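Breakdown of the fold
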Amino acid sequence: MDMNEIKEIFFQECEEQLAELESGLLKMNDGDRDPETVNAVFRAVHSIKGGAGAFGLDDLVAFAHVFETTLDCVRSNKLEPTQDVLKVMLKSADVLADLTNAARDGGSVDESRSRGLVKELEALANGELPSPSAVSEAPAPKSAPKAAPAAVAATPAPKPTDDSGFQPIPFSFDDFGGEEKPVDLPAYEITFKPRFELYSKGNDATLLLRDLSRLGEMSIYCNTDALPGLDELDPEGAYFFWNITIKTDKGEDAIRSVFEFAEWDCDLTVKPAEDSKPGETNDELPMIPVPFDLSILDDGGAAEVPAAVETKADDTAAAVAAAETATNVTQMAAAAARVEKKESAAAAAAAAASAAAQNNAAAGAGQTIRVDLDRVDRLINLVGELVINQAMLSQSVIENDTTGTSSINMGLEELQQLTREIQDSVMAIRAQPVKPVFQRMSRIVREIADMTGKSIRLITEGENTEVDKTVIDKLAEPLTHMIRNAVDHGIETPEKRAAAGKNTEGTVRLTAKHRSGRILIELADDGAGINREKVRQKAIQNDLIPADANLSDEEIDNLIFLPGFSTADKISDISGRGVGMDVVKRSIQALGGRINITSRPGQGSVFTMSLPLTLAVLDGMVVTVAGQTLVVPLTAIVETLQPEAAAIHSFGANHRLISIRNSFCPLVDVGRILNFRATQANPVEGVALLVESEGGGQRALMVDAIQGQRQVVIKSLEANYTHVPGIAAATILGDGRVALILDVDAVVGASRGQSLKAEMSLAAAG
């Protein structure tokens, strides 16, 4: 693995840490004061800082360090996380994300903004209240720390006393003859107990202790009470811990920075030393200075392991002494084996080590792995081909075997079940929660609210709702435009809200949930709602509709999705160009979804997006309509029934109803809607599929016959052919024929009088 791959892994981990950071800050902003939440926020910034330091990302390290220092004040209860404090921290999290993206992509960040936030963070760490104008002001240069007085540098040079240029040099005789008094440095007591994870990640306790010794005079005692016998020794285990006393003027932060990359893999305590005798700990254990022989680090640990402390001559004590400064636990076992000088003991140790290593490997194995997305896509494509071939094989057997009881048939049924399990497992790999996308919206709300001078709170629900990663990747853009529209156009200013008797703080609610094999994402605001008269007049001015057009409320609401339409009075950085909601509609339709609007004047609006859970495979019912084979998504079907003549009722000139359990449901001839035939078919000769659409209620779709239920692989028509109104996609059947997947909502909409226009994008099946 080269450095670029390692760096890419670091940035992937940064995305996770940034998500954890924002999630924790939002919880704190909502009143969560759980210490674990604060610690999680601190760890996220700390981890980013540590990794950035390894790659020399100085700007990222510098900002993260200041951020981390302020968070540490919150963690130690020195700083109260008020709303104003958390507002600064949320902005700091945004800048930290910008710095991370700039380091990865080679971009740049707003330096004035980052400097302003550094100034605010430092003020918070010093106990000062956040200043509203601090962000906009350019930070003043820091004053240099006061240096110790120097006789020559601090005192002006006297003028020459004669023409020769002689210049006297002042000095003090007090500087001679006396020895400097020893400085009483503060002492710290440290307990350092590594866990086995520390060694498994390539860290070395010896190196950490060596770096610690550079901070000052250090005494150390190695506790070996937990060291097992040789036959029970695990080469990958961690049995020792160290009690350390160090005198240093560097402070506790410098001590902890030594263990920066190992802090989460060890038990570490640092506290000021109590008044006790030098060289002793609370447990009255003698503190023995440990000479660090750096030669054991230069040759990769191949040199003979030196003894760290004076020990007795017995074999067990010699093994322990050799183990105290070993570079890894494997050398500990080897040193002990050499002291014992017994081949049988060495063999027993090797067997025990091997068994323990296997147990630890099984117990400590990671629960997740990182896999390149292209590999997952390739696997999904192969599973799709497997589904098609399995269907073809089943079709061939059915055509050539009329008994239906052969062993081949039984084997095919097992193959079908196995194929389904494989397909479900593979699709689960790509399923991800929508939480990362929802979290990104928090920043959009904060930025637009600041730009418009509004007070807005974003509430998210259903963040753990899972959907295909392809859908998630393409969901960010339409959601961003919708959030900007809700904040800029939907929510009123605090003055207008107060005049209307509302809370001055507006609310935007983002919700995700599953329904009938699809995912519904709702964006609701408690603003003024859509001003339909203004929308209508704007559409007439832009020649989008004729002046005498008779439009329903729903049709007026949908005008905002037209290209170039905007109700903004002037163009700004936020809106006014008429591209936002047009992009939303096209993006949602490209994903195979649809969007609906519900608005009530003075109370707010709700935008509902209906999206498929996956764009790869679906369960469908294969039907025949006017000689054509269609697939109806199974999630849309409520039930199937055979119509009777007595249940069919005419309504108007061209409409018919079917009576189902004392209720009437419109009957829709699919063949007539799709222009497969010129006249309506006889309902009694066909089959009715009772379906439920997103916005049109229930309809009974008339088809000629049902062939069966199949699992089919979705193939895009737009990518391989062109858009076909009323058809969502295509698939390949078991006999090799291409079947069209019906867009149920488009057909239901056409039955209500809406035309299947060419510009209407396909809604993906499912």
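Our structure is the block above this text.
Attention here is on the structure that accompanies the text.

With that out of the way, let us pick up the overall build of the protein. Counting secondary structure elements, the protein contains 25 helices and 22 strands. Looking at the protein as a whole, 42% of its 766 residues qualify as buried. In the protein, the share of contacts with a sequence separation of at least 24, taken over all contacts with a separation of at least 6, comes to 68%.

Glancing now at the pairing of strand β11 (residues 604-612). With eight of nine residues buried, β11 is to be regarded as a mostly interior element. Across eight bridges, strand β9 (residues 518-525) lies against β11 in antiparallel orientation. By the bridge assignment, R518 is partnered in β11 with P612. Pairing of strand β10 (residues 594-600) with β11 involves seven bridges; the strand directions are antiparallel. Looking at the pairing, R594 lines up with S610 of β11. Here β10 folds back onto β11 in antiparallel fashion, the turn holding three residues, of which G602 has a positive phi close to 85°.

Here the focus is a nonpolar patch on the surface. Judged by side-chain polarity, L386, L418 and I422 come together as a nonpolar surface patch covering roughly 220 Å² of accessible area. The topology assignment puts L418 in helix α15 (residues 407-430). The class of L418 is partly exposed, set by a relative accessible area of 46%.

What follows concerns helix α18 (residues 476-490). If you check α18, its first and last C-alpha atoms are 20 Å apart, about what 15 residues at 1.5 Å a residue would give, namely 21 Å. The complete set of buried residues in α18 reads A476, P478, L479, M482, I483, N485, A486, V487, D488 and G490.

With that settled, consider the sheet that holds strand β1 (residues 187-194). Within the open sheet, the four strands sit side by side as β2-β3-β1-β4. Their pairing is antiparallel. Lying at the two open borders of the sheet, with one neighbouring strand each, are β2 (217-223) and β4 (266-272). Each strand axis lies, on average, 15° off the axis of its neighbour in the sheet, ignoring direction.

Scoring rules and cut-offs
- Residues numbered from 1 in each chain as written.
- Predicted model: local features only at pLDDT ≥ 70, side-chain atom pairs only at ≥ 80, totals over all residues.
- Heavy atoms only, no water.
- Helix = DSSP H or I, 4+ residues; strand = E, 2+ residues; numbered from the N terminus.
- Buried < 20%, exposed > 50% of the residue type's maximum accessible area, 1.4 Å probe, protein only.
- Contact = heavy atoms within 4.5 Å.
- Pairing = 2+ DSSP bridges.
- Patch = residues over 30% accessible without salt bridge, like charges linked within 9 Å, V, L, I, M, F, W, Y side chains within 5 Å.
- Areas by Shrake-Rupley, 256 points an atom, 1.4 Å probe, with all protein chains shown as cover.
- Salt bridge = Lys/Arg side-chain N within 4 Å of Asp/Glu carboxyl O.
- Expected span 1.5 Å × (residues − 1).
- Axes fitted to C-alpha atoms, helices over the stretch in contact; angles between N-to-C directions.

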